[in-house]
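Reading the structure
Residue-level listing of the chains:
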Amino acid sequence: VEMENMKKGKAKEVAKEKIKGKGKEERRKVVEKGKEKGKEDCRRKDKEQEKKKVQGKETASEKKQFKGKPEIEKSSSTSTAIPLEPPEKNKQILVLGLDGAGKTSILHSLALNRVQHSKEPTQGFNAVCIDTEDNQMEFLEIGGSEPFRSSWEMYLSKGLLLIFVVDSADHNRLPEAKKYLHQLTEANPILPLVVFAHKQDLEAAYHITDIHEALGLSEVGNDRKLFLFGTQVTTNGSEIPSTMQDAKDLIAHLAADVP
Ligand SMILES: Nc1nc2c(ncn2[C@@H]2O[C@H](COP(=O)(O)OP(=O)(O)OP(=O)(O)O)[C@@H](O)[C@H]2O)c(=O)[nH]1
Ligand SMILES: [Mg+2]
């Protein structure tokens, strides 16, 4: 399926203009500003992660999965028990969606520019730093299993933008995904939203227009930047599809745009 980027109404125009209108120079400034705020940690960790991957050990994000409070800014992130608290430092790109939607697989693949499927459900959090050409992004996935969903909402205020992932072939659970998505969008009416209509490789996958409808995306707020991508990761090791690359580029632009 040739995947595409769908945007809606006014939000579409605004987002487009902002991305196009923003000169590279200006964008770079924003990025530099972000780095000054202490994102070097993130970069250093990312390098360590890459090394691990090359050595064929556990992936960065798997290593960083843990229960309880995220400690991604600290050098030794280990398992801790409750309480759950939002991270206090840099703003992150939140990656949410029901269990099994494909969040971790997407993050691994975006980090490597190569497909890498996740083998295990995320138990708690999964923090991933990804370098782009002139930027660096910090993603925070929160597990989609029931016990973790109650903590999604409290991370919204710390989010730069929200990536919401759905399994496009899991028709039965689309209403549930919609319910959670709308709870999130109602709690924060302006946070930019990027929806991944994922697993487009599956025969049963709904096309993005159906996903748009099933998730009620026309009702998530007129003041919000909204994007919808049809995505998939297929064979481990293969290059990520161009739509995934497009999504990554867009996310980098959006993240750099946030003051
Ligand atoms: N067919 C297909 N399967 C996929 C795709 N992406 C991920 N998967 C599979 O879907 C399953 C769940 O993927 P994960 O990335 O662990 O899903 P998740 O959203 O992180 O799940 P939680 O961490 O439990 O919230 C794994 O078996 C993946 O291999 C895809 O594009 N197509
Ligand atoms: Mg996961």
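So, how was this worked out
Counting restarts for each chain: residues are numbered from 1 in the order of the written sequence. As they are written, the chains are lettered A onward and the ligands numbered 1 onward, keeping that order. Since the coordinates come from a predicted model, pLDDT governs what is reported: local features require at least 70, and pairs of side-chain atoms require 80 or more to be given and counted, while whole-chain, interface and lining totals use all residues. Working from all heavy atoms in the structure, the side-chain values ignore hydrogens and water. Nearness here has a simple test: a residue counts as near a molecule or strand if at least one of its heavy atoms is within 4 Å of that partner. Pairs of N or O atoms are called polar contacts if they sit within 3.5 Å, as long as, within protein, a hydrogen donor faces a hydrogen acceptor (for residues adjacent in sequence, only side-chain-to-side-chain pairs). Methods summary: accessible areas were calculated by the Shrake-Rupley approach with a probe of 1.4 Å, and residue burial reflects only the protein chains presented. Only runs of H or I of at least four residues qualify as helices and only runs of E of at least two qualify as strands under DSSP, and these elements are numbered from the N terminus. Gly falls in the polar group here, along with every residue not listed as nonpolar (Ala, Val, Leu, Ile, Met, Phe, Trp, Tyr, Cys, Pro) or charged (Asp, Glu, Lys, Arg). Here, expected helix span is obtained from the residue count minus one, scaled by 1.5 Å. The rule is simple: take the accessible area with a 1.4 Å probe, protein chains only, and divide by the maximum for that residue type; under 20% is buried, over 50% is exposed, in between is partly exposed. As a per-residue measure, pLDDT tells how confident the predictor is, with possible values from 0 to 100. Whether two residues are in contact is decided by their heavy atoms, any of which lying within 4.5 Å being enough. With water excluded from the atoms, a metal site may look incomplete; its donors are any N, O or S atoms within 2.8 Å, or within 3.2 Å for Na, K and Ca. UniProt positions are given in the numbering used here, feature names are shortened, and annotations may be inferred rather than shown by experiment. Cavities and pockets were defined on a 1 Å grid built from protein atoms only: a cavity is a group of points that admits a 1.4 Å probe but offers it no way out, a pocket is an open group of points flanked by protein on both sides within 12 Å along at least five of seven lines, and a lining residue is one with an atom within 4 Å of any such point.

1. Focus: the site of ligand 1
Around ligand 1, the structure places 22 residues, and the nearest of them are Lys103, Ser105, His117, Thr122 and Gly144. Between ligand 1 and Ser118, the relevant distance is 3.0 Å, taken from an oxygen atom to a side-chain nitrogen or oxygen of the residue. When ligand 1 is considered free in solution it has 660 Å² of accessible area, and contact with the protein chains removes 83% of it. Ranked by the residues each element gives to the shell around ligand 1, the list is headed by helix H5 (residues 103-112), at three residues. Here the residues of the shell around ligand 1 are counted per class, giving five nonpolar, 11 polar and six charged.

2. Observations concerning helix H7 (residues 174-187)
Compared with the 20 Å implied by 1.5 Å per residue over 14 residues, the 20 Å span of H7 between its first and last C-alpha is a close match. Listing the buried residues of H7 in full gives Leu174, Ala177, Tyr180, Leu181, His182, Leu184 and Thr185.

3. Let's talk about the confidence of the model for the protein
Considering every residue of the protein, the mean pLDDT works out to 75; 65% of them sit at 70 or more. Confidence drops under a pLDDT of 50 for residues 1-40, and excluding neighbours within four residues, the segment shows 64 contacts in the predicted structure. Residue range residues 45-83 is modelled with pLDDT below 50. Its contacts to residues more than four positions away, or to other chains, number 76 contacts.

4. With respect to the coordination of the magnesium ion (ligand 2)
Coordination angles at a metal have ideal targets, namely 109.5 degrees for four tetrahedral donors and 90 or 180 degrees for six octahedral donors. Bound to the magnesium ion (ligand 2) on the protein side are Thr104 (OG1), Thr122 (OG1) and Glu141 (OE), at distances that span 2.0 to 2.2 Å. Spacing between the donor residues of the magnesium ion (ligand 2) along the chain follows T-x17-T-x18-E. Here the residue Thr122 occupies a position in the loop between H5 and strand S3 (125-132), and Glu141 occupies one in strand S4 (residues 135-142), the gap between them amounting to 19 residues. The exposure classification of Thr122 matches that of Glu141, with both residues buried.

5. Topic: the UniProt feature "binding site: GTP" (unreviewed entry) in the protein
The sites that carry the UniProt feature "binding site: GTP" (unreviewed entry) are, in the present numbering, Gly97, Leu98, Asp99, Gly100, Ala101, Gly102, Lys103, Thr104 and Gly144. Across 48 residues of sequence, these annotated residues stay compact in space, with a maximum C-alpha separation of 11.6 Å. Checking the named residues against the largest cavity, the ones that line it are Leu98, Asp99, Gly100 and Ala101. Inspection of the secondary structure puts Asp99 in the loop between strand S2 (92-96) and H5. You can call Asp99 partly exposed: its relative accessible area is 26%. Sequence-distant contacts of Asp99, that is, excluding residues within four places in its chain, are made with Gly144, Ser145, Arg149 and Arg173. Relative to the elements of secondary structure, Gly144 occurs in the loop between S4 and helix H6 (146-149). In this structure Gly144 comes out as buried when scored by relative accessible area, which is 5%. Excluding anything up to four places from it in sequence, Gly144 contacts Gly97, Leu98, Asp99, Lys103, Arg149 and Trp152.

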